[in-house]
Amino acid sequence: LPRSFLRLIKTPMFVLMIIDICAISMPLSGMYMFRNIYITMEYNVPMSEVAMATSVTSAVGTAGGTILSTWLASKAKSKLALQWIIMGTYLIQVAVNPLFLIFGCDNKSVYGASGSIGLPINLTAGCDCSNSKQLLSCGDDGNNYLSPCHAGCTGVNGKIFTHCQGLVNSSFGTSVTPGLCSTDCHDNFLLYVILHGVQYLVESGTMIPRWLLMLRIVEPQDRGFATSFFIFFYNIMSIPSSNVFGQFIDNACLIWDGQVCNLYNRDSIRRAL
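Please read all numbers here as calculations on a predicted model, not as lab measurements.

**Here we look at the pattern of salt bridges**
For side chains of opposite charge, pairing can occur when their charged atoms come near one another.
Part 1: Per the stated rule, a full pass over the model turns up 4 salt bridges.
Part 2: The shortest N-O distance in the salt bridge between Asp 20 and Arg 210 comes to 3.6 Å. With Asp 20 in helix H2 (residues 12-43) and Arg 210 in helix H7 (residues 207-217), this pair connects stretches of sequence that are 190 residues apart.
Part 3: In this structure, Glu 42 engages Arg 270 in a salt bridge whose closest nitrogen and oxygen atoms are separated by 2.4 Å. Placement of the pair is Glu 42 in helix H2 and Arg 270 in helix H10 (residues 266-272), with a sequence separation of 228 residues.
Part 4: When its relative accessible area of 0% is taken as the criterion, Glu 42 is described as buried.
Part 5: Owing to a relative accessible area of 11%, Arg 270 belongs among the buried residues under this scheme.
Part 6: Among the charged side chains, a salt-bridge network with shared partners connects Glu 42, Asp 267 and Arg 270.

**A closer look at the domain arrangement of the protein chain**
Part 1: Assigned domains within the protein chain: domain 1 (1-107 + 183-272) and domain 2 (110-178).
Part 2: Of note, the centres of domain 1 and domain 2, computed from C-alpha atoms alone, are 41 Å apart.
Part 3: Of the residues lining the interface, 7 residues belong to domain 1; the matching set on domain 2 comes to 6 residues.
Part 4: Of all residues in domain 1, Leu 254, Ile 255 and Asn 262 bury the most surface against domain 2, accounting for 66% of the area lost on that side.
Part 5: The tally of links from domain 1 across to domain 2 stands at 0 salt bridges.
Part 6: Scanning the region where domain 1 abuts domain 2 turns up 1 residue pair in polar contact (both at pLDDT 80 or more).
Part 7: When contributions to the side of domain 1 that touches domain 2 are tallied by element, the ones reaching two or more residues are strand S8 (253-256) and strand S9 (261-264).
Part 8: For the side of domain 1 that touches domain 2, the leading source of residues is S8, giving 3 residues.

**Concerning the side chain of Asn 144**
Part 1: Positionally, Asn 144 belongs in strand S4 (residues 144-145).
Part 2: For Asn 144, the side chain forms a polar contact with the main-chain nitrogen of Cys 181, separated by 2.8 Å.
Part 3: Discounting chain neighbours no more than four positions away, the residues touching Asn 144 are Lys 108, Ser 109, Val 110, Tyr 111, Ser 137, Cys 138, Leu 180 and Cys 181.

**Some thoughts on helix H9 (residues 241-251)**
Part 1: The complete set of buried residues in H9 reads Ser 241, Phe 245, Gly 246 and Ile 249. Projected down its long axis, H9 carries its buried residues within an arc of 115°, all on one side. Turned more than 90 degrees away from the buried face of H9, the exposed residues are Asn 243 and Asn 251.
Part 2: Residues of H9 that are buried sit in contact with H2, helix H8 (223-238), S8, S9 and H10.

**Observations regarding the nonpolar core**
Part 1: One finds Ile 39, Tyr 43, Phe 189, Tyr 192, Ile 249, Tyr 264 and Ile 269 to be the most contacted residues of the largest nonpolar core, which totals 24 residues.
Part 2: Looking at this core, the elements that each hand over two or more residues are H2, helix H3 (47-75), helix H6 (186-204), H9 and S9.
Part 3: Broken down by element, this core gets its largest block of residues, 7 residues, from H2.
Part 4: Each residue touching Tyr 264, except ones within four places of it in the same chain, is listed here: Met 41, Asn 107, Ile 249, Ala 252, Cys 253 and Leu 254.
Part 5: Leu 8, Ala 76, Leu 82 and Ile 86 belong to the second largest nonpolar core, which has 17 residues in total.

Criteria and cut-off values
- Residues numbered from 1 in each chain as written.
- Predicted model: local features only at pLDDT ≥ 70, side-chain atom pairs only at ≥ 80, totals over all residues.
- Heavy atoms only, no water.
- Salt bridge = Lys/Arg side-chain N within 4 Å of Asp/Glu carboxyl O.
- Helix = DSSP H or I, 4+ residues; strand = E, 2+ residues; numbered from the N terminus.
- Buried < 20%, exposed > 50% of the residue type's maximum accessible area, 1.4 Å probe, protein only.
- Domains from an automatic or database assignment.
- Contact = heavy atoms within 4.5 Å.
- Buried area = accessible area lost by both parts, 1.4 Å probe.
- Polar contact = N/O pair within 3.5 Å; in protein donor to acceptor, adjacent residues only side chain to side chain.
- Arc of directions from axis to C-beta.
- Core = buried A, V, L, I, M, F, W, Y, C linked by side-chain atoms within 4.5 Å.

Put into structure tokens, the structure is as follows:
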């Protein structure tokens, strides 16, 4: 075992592959872990719809990428050819990833909130909502309110708050519904889902060439240890991803009620992920 280890660390290409897998393991694990949460927050789409869309695109992309990688690997007659395949997929990912920054949604203003997205509420001086519980709500006028209280609601009918005299435009109705108003960028959500599938296709395209390259650059008696070494570093580098990416998401919070974040900065979280 010590001799196998020494032979592996004396193989420059294998060391580079270990550095490569360490560099991509943490961001990939973090994105896999928080991607659905991010999409839900960014596009204001129900989690069930997000889960269905990403499951289909990831399954199709992974299957297609595996088939593609098998075909490409069968055409590669040398270690250099395998390296070019891996490098080519990385270049494609470099070209695709910036598109995720483009197809996002803008932050929407919230009446009664503070900070850059906050707007003053249209209530009389006698209405005090400082102690009301935050419940982001969408008014019939298409505007977001920090809570039904900030919309001046005095009645409730099931899950709908009624008689809201503080709406900016009451000509469309005087009620609010819990939850943010729907966004006007649903097309961007569809484009994101398509890019998500393309990303899985490209990532899976390196699967077979990467393993074949690793097995070809080490001695036959070291292949078992090299494979274990490779998997170990991939898993060990994915451990801190939950804390790191969780911190990124927490830092993007715009409206915090002391326990959970009710609204995130879409621009900040899009750049972080």
